[in-house]
Amino acid sequence: MTVDPEPSRPEPSRMQLSKTYDPKEVEARWYQRWVDAGYFKPDPDPSKPTFCIIMPPPNVTGELHLGHALTAAVEDLLVRWHRMRGDATLWLPGRDHAGIAGQLVVERELAAEGEGPTRHDLGREAFLERVWRWMDHYGAAIGVQHRRLGVSVDWGRERFTMDPGPSRAVRTAFVRLFEKGLIYKGARITNWCPRCATALSDLEVVHEEEPGVLTYVLYPLVPIDGETETRHIQIATTRPETILADTGIAVHPEDNRYTDIVGRLALVPSVSRPIPIVADDIVERGFGTGAVKVTPGHDPTDFEIGLRHNLPTILVIGLDGKMNESAGARYAGVPVMQARRAFVDELRSLGLLVKEDAHPHQVGHCVRCSTIVEPLVSEQWYVRIQPLAEAALAAVRDGRIRIIPERFTKVYFNWMENIRDWCISRQLWWGHRIPVWTCANGHVFAALDDPSTCVTCGSSELTQDPDVLDTWFSSG
């Protein structure tokens, strides 16, 4: 029996392994191989269970941070687990145009150029070209960072919120809600940032405790028949400069200290404007003197009191954060804090200042630039939330949706039952412009495509609303 000689073995490889692991070389090579092989695309088999996650689109205002890395890691874990189970799995990547934050970073870049132009110097069109250059640069950087993290998203479906497809979807949603009467324009109290020169949502306001002063002030009562001496009602406020915009005083209906003067008139200090004393359940009897000034133009709670009691609205703080003409010639054009000190001095000289107590309190700041936010009434676009909230409440009440842990159901109900209409307009240039036009004859209409004539009268003289949509509306 002849035995064939053992086949010769190949020479061992002479390639030397690196003494240290180089993630830059290894991870980038394998990641690209996975992408090229289509491993991150969903299986088109309709018989398979499906699983989908939409990546919370990071703002294109710089580079990713640890929060983005954490989110990506958790979502990637879920997505890969579902793929291993055999589910048709899609992780949809995206980037957000960032609205206020996006415009702010470009404005800061312009300011860093020394005597460079402002956005108003450039004009809307040229400024938006500058913003697009920023977005293209940092959008690409964010994509590279996500790839370095190894996220298993389907890159072939990546979307930017300002892309034609998402922009069309945003317009479609707006027009549908507008035509159903769920979007309207009105004057309501909003958070206003004087630095960013735009309205803000509650989520964009950060409240920080700051040292403050509780100022106690006397309001003379308008005399009635039989009174020989002037009576006063005493209020306490942390914002004495807004006394100039008071249109009422409120007390609790069960507060026996004030029962006999509800319905009477008091005089606003300095300007002697007569204002009514009303009873309202929202007043906290234990705060200050139990009587509160009502300034519908500059306080959210006061705005609601004003609506309930039909009180007029006066604005004494302008959009620039300074006192305006309605505050009187002495204070017009004066910054708020400076006007506050001057007005307290005036109250002291009038003999209407009782005392000042130290009083730390929460002050709202813009989350973008840290400027103190001014609550004030302005014309904005709103979504009527109550009809939408009712459907969301019903879904939880009838069991279609369960909230886990169960105890948070009560929190959800409290939030949804007391929700206010949503301000969706921003006084910016960067973002999805509100698709509403007004013709020369005053007709207002929304349109999916840019119109050439008015849908009501055929006028070709059209003006589009200058504001853009809140980024949260666009993202939704």
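Here, the structure is the one placed above.
These remarks concern the structure in this document. As the structure is a computational prediction, the values presented were derived from the model and not from experiment.

The secondary structure content of the protein amounts to 11 helices and 22 strands. Taken along the three principal axes of its C-alpha coordinates, the protein extends 140 × 55 × 55 Å. Within the protein, buried positions represent 43% of all 476 residues. Of the contacts made within the protein by residues no fewer than 6 positions apart, 73% connect residues no fewer than 24 positions apart.

One finds Y219, I233, I249, A266 and M323 to be the most contacted residues of the largest nonpolar core, which totals 29 residues. Going through the elements one at a time, β8 (213-220), β9 (232-237), β10 (248-251), β12 (274-279) and α8 (336-350) are the ones with two or more residues in this core. Top element by residues in this core is α8. It accounts for five residues. If sequence neighbours within four positions are ignored, A266 has contacts with Y219, P220, L221, V222, I233, I249, R273, P274, I275 and I277. Among the nonpolar cores identified, the runner-up in size contains 23 residues, and I183, W381, L393 and A446 belong to it.

Structurally, D154 is set in the loop between α5 (124-149) and β4 (159-160). Take D154: its relative accessible area is 4%, and that puts it in the buried class. Those residues within four positions of D154 in sequence are excluded, and the remaining contacts are F40, K41, P42, L90, W91 and P93.

You can see N324 is positioned in the loop between α7 (300-309) and α8. If we ignore the near neighbours within four places in the chain, the residues touching N324 are L315, V316, I317, G318 and A332.

This part covers the layout of surface pockets. Taken as a whole, the second largest pocket holds about 490 Å³ of empty space. Looking at the second largest pocket, it is lined by 22 residues, and the ones nearest its centre are T161, P166, S474, S475 and G476. Residue assignment for the lining of the second largest pocket shows that the elements contributing at least two residues are β3 (94-95), β4, α6 (164-179) and α11 (471-475). Looking at the lining of the second largest pocket residue by residue, the classes come out as 13 nonpolar, six polar and three charged.

Strand order across the open sheet formed by four strands is β6-β5-β16-β17, with antiparallel pairing between neighbours. Every interior strand has two partners, whereas the edge strands, β6 (198-200) and β17 (422-423), have only one. With 10 bridges connecting them, strand β5 (residues 183-193) and strand β16 (residues 374-383) associate as antiparallel partners. Residue pairing in the sheet places I183 in a bridge with V383 of β16.

All chains considered together, the criterion is met by 33 salt bridges. Between R264 and E227 there is a salt bridge whose closest N-O contact spans 2.7 Å. Note that R264 is positioned in the loop between β10 and β11 (265-267) and E227 in the loop between β8 and β9, a separation of 37 residues in sequence. A residue is classified by how much of its surface remains accessible, and E227, at 23% relative accessible area, is partly exposed. For R348, the salt bridge is made with E356, and the minimal N-O distance between the two is 3.2 Å. Since its relative accessible area comes to 44%, R348 is described here as partly exposed. Each of E204, R368, R426 and D470 takes part in a single network of salt bridges with overlapping partners.

Once that is clear, we can look at helix α10 (residues 408-417). The set of residues buried in α10 consists of T409, Y412, F413 and M416. Axial view of α10: buried residues confined to an arc of 95°, hence all on one face. Exposed and oriented more than 90 degrees from the buried face of α10 are K410 and W415. Of the surrounding elements, those touching the buried residues of α10 are α9 (386-397).

Cut-offs and rules
- Residues numbered from 1 in each chain as written.
- Predicted model: local features only at pLDDT ≥ 70, side-chain atom pairs only at ≥ 80, totals over all residues.
- Heavy atoms only, no water.
- Helix = DSSP H or I, 4+ residues; strand = E, 2+ residues; numbered from the N terminus.
- Buried < 20%, exposed > 50% of the residue type's maximum accessible area, 1.4 Å probe, protein only.
- Contact = heavy atoms within 4.5 Å.
- Core = buried A, V, L, I, M, F, W, Y, C linked by side-chain atoms within 4.5 Å.
- 1 Å grid on protein atoms, 1.4 Å probe; cavity = no way out; pocket = protein on both sides within 12 Å on 5 of 7 lines; lining within 4 Å.
- Points joined across faces, edges and corners; volume = space filled by probe spheres on them.
- Nonpolar A, V, L, I, M, F, W, Y, C, P; charged D, E, K, R; others polar.
- Pairing = 2+ DSSP bridges.
- Salt bridge = Lys/Arg side-chain N within 4 Å of Asp/Glu carboxyl O.
- Arc of directions from axis to C-beta.

The quantities given are spatial measurements derived from coordinates; they are silent on function.
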